[in-house]
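Fold and geometry: a report
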Amino acid sequence: QLEFVESGGGSVQPGGSLRLSCAASVGVIFSNYIISWYRQAPGLERDLVATLPKGDKAEYSDSVKGRFTISRDVIKNAAYLQMNNLEPEDTGVYYCKAVQSSPTYTDYGRPYWGQGTQVTVSS
């Protein structure tokens, strides 16, 4: 059964770095999947942080632009979110979302959500 599983969260001081992973549980044509990272701060809505379409032209929210980098490794069937110069406002649960972009596959358009990984940035 295909799942996307996040890992790599933790607690860091402001200015620190973390690298989050979003790994497919079975082998897929990973490049077909549109990958997005979302963040949900305590008591707030889940907001889009970064997205990586099939063409790999990444888009970022204004709050993380220049600090975060989204990428994928098709051999490892995983996507990543490199987070540098972390700020307290980056604290929250980070979720990976993957969507099949090819209409020739049965899971076309279906969103896969991971369970989330906690990121805490504090002194």
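Residues numbered from 1 in each chain as written. Predicted model: local features only at pLDDT ≥ 70, side-chain atom pairs only at ≥ 80, totals over all residues. Heavy atoms only, no water.

Looking at the environment of Tyr108
Keep this limit in mind: Each helix corresponds to a stretch of at least 4 residues labelled H or I by DSSP, and each strand to a stretch of at least 2 residues labelled E; elements are numbered beginning at the N terminus. We call two residues in contact whenever any of their non-hydrogen atoms come within 4.5 Å of each other.
Along the chain, the position of Tyr108 falls in the loop between strand 9 (92-100) and strand 10 (111-113). Residues Tyr108 and Cys96, 12 residues apart in the sequence, show an inter-C-alpha distance of 17 Å. Setting aside residues no more than four positions away along its own chain, Tyr108 makes contact with Gln100, Ser101, Ser102 and Pro103.

Topic: the pattern of salt bridges
The condition that has to hold: Salt bridges are identified by distance alone: a Lys or Arg side-chain nitrogen within 4 Å of an Asp or Glu carboxyl oxygen. Buried, partly exposed and exposed residues are distinguished by accessible area as a fraction of the type maximum, computed with a 1.4 Å probe on protein chains only: under 20%, between the cut-offs, and over 50%, respectively.
All told, the structure shown has four salt bridges when counted by the stated rule. A salt bridge links Arg39 to Asp90, with the shortest nitrogen-to-oxygen separation between them at 3.0 Å. Here Arg39 is found in strand 4 (residues 33-40), whereas its partner Asp90 is found in the loop between strand 8 (78-83) and strand 9, with 51 residues between them in sequence. In this structure Asp90 comes out as buried when scored by relative accessible area, which is 2%. Between Asp62 and Lys65 there is a salt bridge, with its nearest N and O atoms 3.5 Å apart. Judged by relative accessible area, which is 70%, Asp62 ranks as exposed. Judged by relative accessible area, which is 51%, Lys65 ranks as exposed.

Brief notes about unusual backbone geometry
Most peptide bonds take the trans form, and the phi angle of most residues other than glycine is negative. Even without being glycine, Asn77 reaches a positive phi, approximately 55°. With respect to the helices, strands and loops of the structure, Asn77 is situated in the loop between strand 7 (68-73) and strand 8. Asn77 sits in the buried class, given a relative accessible area of 12%. Located in the positive-phi region is Asn85, a residue other than glycine, with phi close to 50°. Looking at where Asn85 falls in the secondary structure, it is placed in the loop between strand 8 and strand 9.

Considerations on the side chain of Ser36
To be explicit about the condition: In protein, a polar contact means a hydrogen-donor-capable atom and an acceptor-capable atom, both N or O and within 3.5 Å, with residues adjacent in sequence counting only if both atoms are side-chain atoms; elsewhere, any N or O pair within 3.5 Å suffices.
Mapped onto the elements of the fold, Ser36 is located in strand 4. A relative accessible area of 5% places Ser36 in the buried class. Of the polar contacts made by the side chain of Ser36, one reaches the side chain of Thr51; its length is 2.9 Å. Those residues within four positions of Ser36 in sequence are excluded, and the remaining contacts are Leu48, Ala50, Thr51, Tyr95, Cys96 and Lys97.

Details of the pairing of strand 9
What counts here: Note: two strands are recorded as paired if DSSP finds a minimum of 2 bridges between them.
Summarising burial for strand 9: nine of the nine residues are buried, a large majority. In this structure, strand 4 lies alongside strand 9, joined through eight bridges in antiparallel fashion. Among the inter-strand pairings, Trp37 is bridged to a residue of strand 9, identified as Cys96. With three bridges connecting them, strand 9 and strand 11 (residues 117-121) associate as antiparallel partners. From the neighbouring strand, Tyr94 faces strand 11, where its bridge partner is Thr117. The sheet contact formed by strand 9 and strand 10 spans three bridges and is antiparallel. Within strand 10, the position partnered with Val99 by the bridge is Pro111.

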